[in-house]
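Below, each chain spelled out in residue letters.
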Amino acid sequence: MHLMLLSLGLTEEEIDNTLIGDLSKIKNAMHLNSYPACPDPDRVVGLAPHTDTGFLAVLYHNGVSGLQVLRRKDDIGPTRWVTVPVVPNTLVVNIGDLMHVLSNGTFHNVVHRSTVNKTNQRLSAAYFFGPQVDVKVGPLSELTGPEQGLPLYRPVTWLELQKLKSTLHDKALQSMKIDGKIEELRKGA
Ligand SMILES: O=C(O)CCC(=O)C(=O)O
Ligand SMILES: [Fe+2]
């Protein structure tokens, strides 16, 4: 995460002043997932499509494939699910919603899901890195201004975002847009 903030142009000193510079404001969580083998895997959902809410998620798995990411329409093809290849002794890092907010939309949160395997049980451990539940996260002031552009999102705490997602699902971030119409979205949810 430190390297990602450097790549956005923040100095070491500016990073020290962000949430990740102040480790007392950082919180961790973990999911342990088990996907039993299923003889008819196309008829079951392992883990429904979602984005992770924190800054970053680091995924470890037992070498059985199943994680897929949603690739938006591009020159290569239409919007599609792409299976993340299993590479031994590696971890997968997903960008979460709060990293998307913190970077003012530069780093995109990734929509992903898990499928189940026909013959092998799949196990995964997802480690989530985010702020303490009551610390507000908004676009970094270093990334917004007359030259870089306006902040796209209002600040939220991790807890607020989790509550928004429980009612608005994939529309939660849209509802935090500074020109977003939260009430309209709530009615349509
Ligand atoms: O099982 C996986 O590979 C993904 C798990 C996941 O996305 C999650 O726990 O949020
Ligand atoms: Fe996830």
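Worth saying up front: this structure is predicted, and the values here are computed from it rather than measured.

Caption draft 1: Inspection of the sheet that holds strand E5 (residues 80-83) at higher detail. Strands sit in the order E2-E7-E4-E5 across an open sheet of four strands; the sheet is antiparallel. Each edge of the sheet is formed by a strand with only one pairing partner; in this case those strands are strand E2 (47-50) and E5. Averaged over all adjacent pairs, the angle separating strand axes in this sheet is 25°, with direction ignored. The pairing of strand E4 (residues 67-71) with E5 spans four bridges and is classified as antiparallel. Bridging across to E5, Arg71 finds its partner in Arg80.

Caption draft 2: Just the sheet that holds strand E6 (residues 92-95), in detail. Taken together, the four strands give an open sheet; going across it, the order is E1-E8-E3-E6, and neighbouring strands pair in antiparallel fashion. Where the open sheet ends on each side, the last strands, each with one partner, are strand E1 (26-35) and E6. Within this sheet the neighbouring strands show an average axis-to-axis angle of 20°, counted without direction. The pairing of strand E3 (residues 56-61) with E6 spans four bridges and is antiparallel.

Caption draft 3: View of the site of ligand 1. Surveying the vicinity of ligand 1 reveals 13 residues, the closest of which are His31, Tyr35, His112, Arg122 and Ser124. In the environment of ligand 1, an oxygen atom lies 3.1 Å from a nitrogen or oxygen atom belonging to the side chain of His50. Here an oxygen atom of ligand 1 and a side-chain polar atom of His112 are 3.0 Å apart. Relative to its free-state accessible area of 290 Å², ligand 1 is covered by the protein chains to the extent of 99%. With four residues, strand E8 (residues 122-131) is the largest single contributor of residues to the shell around ligand 1. Along the lines of polarity and charge, the residues of the shell around ligand 1 split into five nonpolar, six polar and two charged.

Caption draft 4: Up close: the coordination of the iron ion (ligand 2). Taken together, His50 (NE2), Asp52 (OD) and His112 (NE2) make up the full set of protein donors to the iron ion (ligand 2), lying 2.1 to 2.2 Å away. Here the donor residues for the iron ion (ligand 2) map to a single chain with the spacing H-x1-D-x59-H. Overall, His50 belongs to the partly exposed group, its relative accessible area being 25%.

What counts as what
- Residues numbered from 1 in each chain as written.
- Chains lettered and ligands numbered in written order.
- Predicted model: local features only at pLDDT ≥ 70, side-chain atom pairs only at ≥ 80, totals over all residues.
- Heavy atoms only, no water.
- Pairing = 2+ DSSP bridges.
- Helix = DSSP H or I, 4+ residues; strand = E, 2+ residues; numbered from the N terminus.
- Axes fitted to C-alpha atoms, helices over the stretch in contact; angles between N-to-C directions.
- Near = heavy atom within 4 Å.
- Polar contact = N/O pair within 3.5 Å; in protein donor to acceptor, adjacent residues only side chain to side chain.
- Areas by Shrake-Rupley, 256 points an atom, 1.4 Å probe, with all protein chains shown as cover.
- Nonpolar A, V, L, I, M, F, W, Y, C, P; charged D, E, K, R; others polar.
- Donors = N, O, S within 2.8 Å, 3.2 Å for Na, K, Ca; no water.
- Buried < 20%, exposed > 50% of the residue type's maximum accessible area, 1.4 Å probe, protein only.

Any functional reading would require information beyond the geometric quantities listed.
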